[in-house]
Amino acid sequence: MERSCLTTLCYIEKEDCYLMMHRIKKEGDINRDKWIGVGGHFEQDESPEECLLREVKEETGLTLTSYRFRRLVTFISDRWNTEYMCLYTADGYEGELVADCREGTLEWVEKSRLRELNLWDGDYIFLDLLERGADFFSLKLRYEGDDLKEVCLHPAESI
């Protein structure tokens, strides 16, 4: 079965940190060596929330108890098919963080340190919008290779 073009990504918050995954384990990973939140591709007939809860549980061992749909992000690239990502934040969970994740290493990272990490350029944009408390928006990011070439924000505001 072909992978869905629909994905979820979640930034789980604790104190002034996000749970980040350093993607270093999976061969052929388009996110190789990047730091991202947790999430993944929809499975057949899943809603965004079902995908979110399943992916977070699989990757972290945590069960989300409080989360919020924040943004729709469209990724366009010359190296992969267009992806539509449902972006979430979560501030409540149960369970213990897994010691070993098959896709990378998990680490609580202070929000003030995010710019020190190897993130996609577009991730800095939506993380900044999250921190500023921007209302719901749709963000379109177009990449050529690893280079961000176009940013469209709807409704438009300064980015």
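Everything quoted here is computed from the prediction, not taken from an experiment.

Reading the values: rules and limits
- Residues numbered from 1 in each chain as written.
- Predicted model: local features only at pLDDT ≥ 70, side-chain atom pairs only at ≥ 80, totals over all residues.
- Heavy atoms only, no water.
- Phe/Tyr/Trp six-rings, centres within 6.5 Å; stacked < 30°, edge-to-face > 60°.
- Helix = DSSP H or I, 4+ residues; strand = E, 2+ residues; numbered from the N terminus.
- Buried < 20%, exposed > 50% of the residue type's maximum accessible area, 1.4 Å probe, protein only.
- Lys NZ or Arg CZ within 6 Å of the ring centre and 35° of its normal.
- Lys, Arg positive; Asp, Glu negative; His and termini not counted.
- Salt bridge = Lys/Arg side-chain N within 4 Å of Asp/Glu carboxyl O.
- Polar contact = N/O pair within 3.5 Å; in protein donor to acceptor, adjacent residues only side chain to side chain.
- Contact = heavy atoms within 4.5 Å.

Visitor: Give a description of the packing of aromatic side chains that names residues and reports values.
Guide: Throughout the structure, instances matching the rule amount to 8 aromatic pairs. Judged by centre distance (5.7 Å) and plane angle (70°), the ring pair of Trp80 and Trp120 falls under edge-to-face. In this pair, Trp80 sits in the loop between strand S5 (63-77) and strand S6 (83-94) while Trp120 sits in the loop between strand S7 (105-110) and helix H2 (121-131), placing the two residues 40 residues apart along the sequence. Residues Trp80 and Trp120 agree in their burial class; the two are buried. Sitting above the plane of the Trp120 ring, Lys34 keeps its charged end 4.5 Å from the centroid. Of note, Lys111 hangs over the ring of Tyr18, and the distance from its end group to the ring centre comes to 4.7 Å.

Visitor: Before we move on, can you summarise unusual backbone geometry with the specific residues and values?
Guide: Phi is positive for Glu15, close to 55°, though the residue is something other than glycine. Looking at the element boundaries, Glu15 is found in the loop between strand S1 (6-14) and strand S2 (17-22). You can call Glu15 exposed: its relative accessible area is 74%. For Asp45, which is not glycine, the phi dihedral falls at a positive 70°. When you line up the elements, Asp45 lands in the loop between strand S4 (38-41) and helix H1 (48-60).

Visitor: If you had to explain the side chain of Arg70 to someone new, which residues and values would you point to?
Guide: With respect to the helices, strands and loops of the structure, Arg70 is situated in strand S5. Summary of buried charges: Arg70 has no salt-bridge partner, and the nearest side chain of opposite charge, Glu13, is 5.2 Å away. A polar atom in the side chain of Arg70 sits 3.0 Å from the side chain of Thr89. Not counting residues up to four positions away in its chain, the partners in contact with Arg70 are Leu87, Tyr88, Thr89, Leu130, Phe136 and Phe137.

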